Amino acid sequence: MSSSSTPVSYPFAWDPPLAVPDRWRDLRDRSLVEVQLPSGDTALLVTRYRDVRALFSDRRLSRNTARYPTSRISPNNDLFGDPEIDSDPPRYLDERAIVTRAFSARRLEALRPLVWQVAGELMDAMDAGPRPADLMEAFAFPLPIRIICHMLGVPPGDNDRFRALVDGFMSVTKMSAEDVERCRAGLWSYLDELIEAHRAAPGDDLISELIRVNTTDPNALSDYQLQHWVRTLLIAGYVTTASQIGTSMAVLLNQPHIVEELRQDFSLVPGAVEELLRFQLMGASLGSLRYALADIELSDGAVVPAGSTVMLSVESNMDDTVFENPFELDIRRTENHHMTFGSGIHYCAGAALARMELQVSTEGLLRRYPKLRLAVPKEELARPAGGFLAAFSAVPVDW
Amino acid sequence: MSTGIRVTADAGRCVVSSLCVYRAPAVFDQDDDGHVTLLDPRPPVEHHEAVWRAARGCPTRAIQVEFEPS
């Protein structure tokens, strides 16, 4: 292990709100940094892009993090660690293939007009509502929720019920053990009802498709795994995208010259979305927790010892051996193979959907509102502590 | 001197990131399962840079590019 000093507290503090944390700057001085997770357990953060990318494809790192003695992220919440779900190959790849077919770019492009339509409706409602508006509640959350509900066959109105439960399900230190458990149980019952409703009346949606697989071959997808995947798709379908819509718009509005550049040429939007994803002002590497099954040597000779808990750092998006001027937002970057969606076989299954929603959101909001601006000083943007993601709780905007 | 490239893509390694389809849509497509397919294994020079980028960026290194002497 290359680190012998006291472990640094992780995730790093976001202060000031629209800047990359200072800790990200010298992080790569060492290839491996010992960090302390919110649970109090420690983990080894792999800091350099080259190592991170290689380790995402290294089968000596297991994603079955419910395995003892993997470090825990939260003191009172198992989060995504479930001993009954096998997240390693070959099992994982077979299950993943059942869902990824619905998330290919080719299929998703057919949904783009719907995303534009929903964006238009939400902006109509913003126009009719009070100003300033909170972009998170008025736009960033409802847009991906409407789309994932459409794909899964979930009534969009259900979000009144599932959002609070998901919030508790993803608590790191925000809630007490009792509240986490209440949310976990509540989410479980909700999903059971949802799946039963689809069994009774199947439709042309992803939940019905998963049920067909489960009914035809329970070995391919058991009842338990079915529930797991529906939950995963629902949560992953909106929480991260909503957070990224809010934070990336705040970052953009804080850099008016880039907004102006985009308005002059909207074909720059996909590149801007990609760069804002690289910039990652709402996430941390908690989602990349792994368990080392064997000693693994890094490119500089440092060794990740067998039995350690490892995180593959999204902060490696700032590795200046790969990204020129990494702390600058450059929407014309052409080589932008960032680690925000991970890499290897666990590459975010919803990445193409997220990209499309982010592109439509960015272009839609900038087209509709030529004077869109933050309605509070940027220092007042606040990140609620103790959640899995570090999105702003509100992004007040005026136009 | 090499002027041509030959592209191969391994659908068995593909995990449907869709990145290649965005980066080089003239060369890559997806089958019904979302797995990579090739539209043009010997693409013309104007697509070479995008193909290289797609190969470098593929999360599971499912795309290989070789120079081919013309």
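Treat the numbers as computed from the prediction; the structure is a model and nothing was measured.

## Structural notes on unusual backbone geometry
Residue and element names in this part refer to chain A.
Okay, so step 1: Residue Tyr10 is joined to Pro11 through a cis peptide bond whose omega torsion reads 0 degrees.
Okay, so step 2: One can find Pro11 in the loop between β1 (8–9) and β2 (32–36).
Okay, so step 3: Here the amide bond leading from Pro89 into Pro90 is cis, since omega sits at 5 degrees, within 30 degrees of zero.
Okay, so step 4: Inspection of the secondary structure puts Pro90 in the loop between β4 (61–62) and α2 (91–100).
Okay, so step 5: In this structure, Asn325 takes a positive phi of about 40 degrees despite not being glycine.

## Brief notes about the pairing of β2 of chain A
Residue and element names in this part refer to chain A.
Okay, so step 1: By the bridge criterion, two bridges tie β1 to β2 in an arrangement that is parallel. Pairing of Ser9 across the sheet is with Gln36, part of β2.
Okay, so step 2: As paired strands, β2 and strand β3 (residues 42–46) are joined by five bridges and run antiparallel to one another. Across the sheet, residue Val35 finds its bridge partner in β3, namely Ala43.
Okay, so step 3: Two successive antiparallel strands, β2 and β3, enclose a turn made up of five residues, where Gly40 displays a positive phi of approximately 100 degrees.

## With respect to the sheet that holds strand β11 (residues 396–398) of chain A
Think of a sheet as strands paired side by side through backbone hydrogen bonds, with each pair either parallel or antiparallel.
Residues and elements named next belong to chain A.
Okay, so step 1: One open sheet holds the three strands; their spatial order is β5-β11-β10, and the pairing between them is antiparallel. Each of the sheet's edge strands pairs with one partner strand only, and the pair in question is β5 (133–134) and β10 (373–374).
Okay, so step 2: Both β10 and β11 contribute to a ladder of two bridges, which runs antiparallel. Bridge pairing in β11 places Leu374 opposite Val397.

The rules behind these values
- Residues numbered from 1 in each chain as written.
- Chains lettered and ligands numbered in written order.
- Predicted model: local features only at pLDDT ≥ 70, side-chain atom pairs only at ≥ 80, totals over all residues.
- Helix = DSSP H or I, 4+ residues; strand = E, 2+ residues; numbered from the N terminus.
- Pairing = 2+ DSSP bridges.

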